[in-house]
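# Observations on the model geometry
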Amino acid sequence: MPDPAARDAAEEASAFSHPAVAPDASAVYGAHPDQVVDFYAPRDGRERAPLVVVLHGGAWRAPYDRRHVTPFADFLARRGFAVANVEYRRGSPIPRQGGEAPVAGRWPETFDDVAAALDAVPALAAAHLPQADTHRIVLTGHSAGGQLALWAAARHVLPPGSPWRLPEPAPLRGVVALAPIAHFGRAVELGVCGGAVTQLLGGEKAYEERAVSADPAALLPTGIATTVVQGREDRDVPYAVADAFVEAAARAGETVGLTLLEDVGHFPLIDPAADACAVVAEEIAQLAF
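Only a predicted model underlies this, so the values are computations on that prediction, with no experimental measurement involved. (Residues numbered from 1 in each chain as written. Predicted model: local features only at pLDDT ≥ 70, side-chain atom pairs only at ≥ 80, totals over all residues. Heavy atoms only, no water.)

This part takes up the packing of helix α3 (residues 109-128) against helix α4 (residues 144-153). Orientation of α3 relative to α4, taken along the N-to-C sense of each, is 60°, at an axis distance of 10 Å. In terms of orientation, α3 and α4 fall into the oblique class. When the axes of α3 and α4 are compared, the crossing they make is right-handed. Within the contact between the two elements, α3 uses Thr110, Phe111, Val114, Ala115 and Leu118 and α4 uses Gln147, Leu148, Trp151 and Ala152. Looking at the contact of α3 with α4, its residues break down into seven nonpolar, two polar and no charged. (Axes fitted to C-alpha atoms, helices over the stretch in contact; angles between N-to-C directions. Helix = DSSP H or I, 4+ residues; strand = E, 2+ residues; numbered from the N terminus. Parallel < 35°, antiparallel > 145°, perpendicular 65-115°, else oblique. Left-handed = near helix turned anticlockwise from the far one by under 90°. Contact = heavy atoms within 4.5 Å. Nonpolar A, V, L, I, M, F, W, Y, C, P; charged D, E, K, R; others polar.)

Counted under the stated rule, the structure contains seven aromatic pairs. Ring-pair connections join several aromatic residues into one group, and the members of that group are Trp107, Phe111, Trp151 and Trp164. Between Arg232 and the ring centre of Tyr239, over which it is positioned, the NZ or CZ distance is 5.5 Å. (Phe/Tyr/Trp six-rings, centres within 6.5 Å; stacked < 30°, edge-to-face > 60°. Lys NZ or Arg CZ within 6 Å of the ring centre and 35° of its normal.)

This part is about the sheet that holds strand β3 (residues 49-55). The eight strands lie next to each other as β1-β2-β4-β3-β5-β6-β7-β8, forming an open sheet whose pairing is mixed. Edge positions in the sheet fall to β1 (25-28) and β8 (257-261), since each of these pairs with one other strand and no more. Here the strands of the sheet are splayed against their neighbours by 20° on average, with no regard to which way each runs. Where strand β5 (residues 132-142) meets strand β6 (residues 174-178), five bridges bridge the pair, whose relative direction is parallel. Bridging across to β6, Thr140 finds its partner in Val176. Helix-sheet contacts for helix α9 (residues 275-288) involve β3, β5, β6, β7 (226-231) and β8, and the interaxial angle to β6 is about 165°. (Pairing = 2+ DSSP bridges.)

Have a look at this one:
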């Protein structure tokens, strides 16, 4: 049996081995340097293609930005999709006093940015990526970005009074969440990403008040087609987190698809060299076309 730590290291090294791919166009959706969207045109020359909006992971921490998913965005473009790769504000690059890892996320700025970006993407795509069919939008996100994708699709069920609430569901074909931090309670129990969920919400004192507006498992049902793709051997965001989210959806009367990949960890889902990445593209295609 392969050593799990060695397997994880090899999978991560492979995913991060690809050079960054420059976008075909970029546009801003706000004044902050992180409020930017990169666009990738479909590589097969088609004049009209579904638009995949990508939200990168990295535990909502500053050192991890959209550059590490540009090979994944290019992979989707080579599969015939138009792609929007969204950047957003993340936590401070400096650990809190006594901490080891950079702080995860900013409240409320991380959510402000994702909401603003998703609201702006249709108009920005029309201006900067004419091949994008904004009537066929699929959200996808990896890890922390998977949480943000699920959250963005659930804004119409946010608590009344939330500044991010939409009056009706966003016009999406669906969501494909990749190893998402989709159930905050389970993620906290498991210590996912070094306590990143609690940090995202501003600490233990604010957790209960803010989780109801941020935890995908608390924002169900959405009525939007949703699929989770998960590696069974994922030790960064364990399968138990996805399973808890799917169970929460079932209790709320909603069916969430779960594609569980055997012998796969966390990073192959966004690694163009991995078979798992092709599975992800097929799941997106099933919603988009």
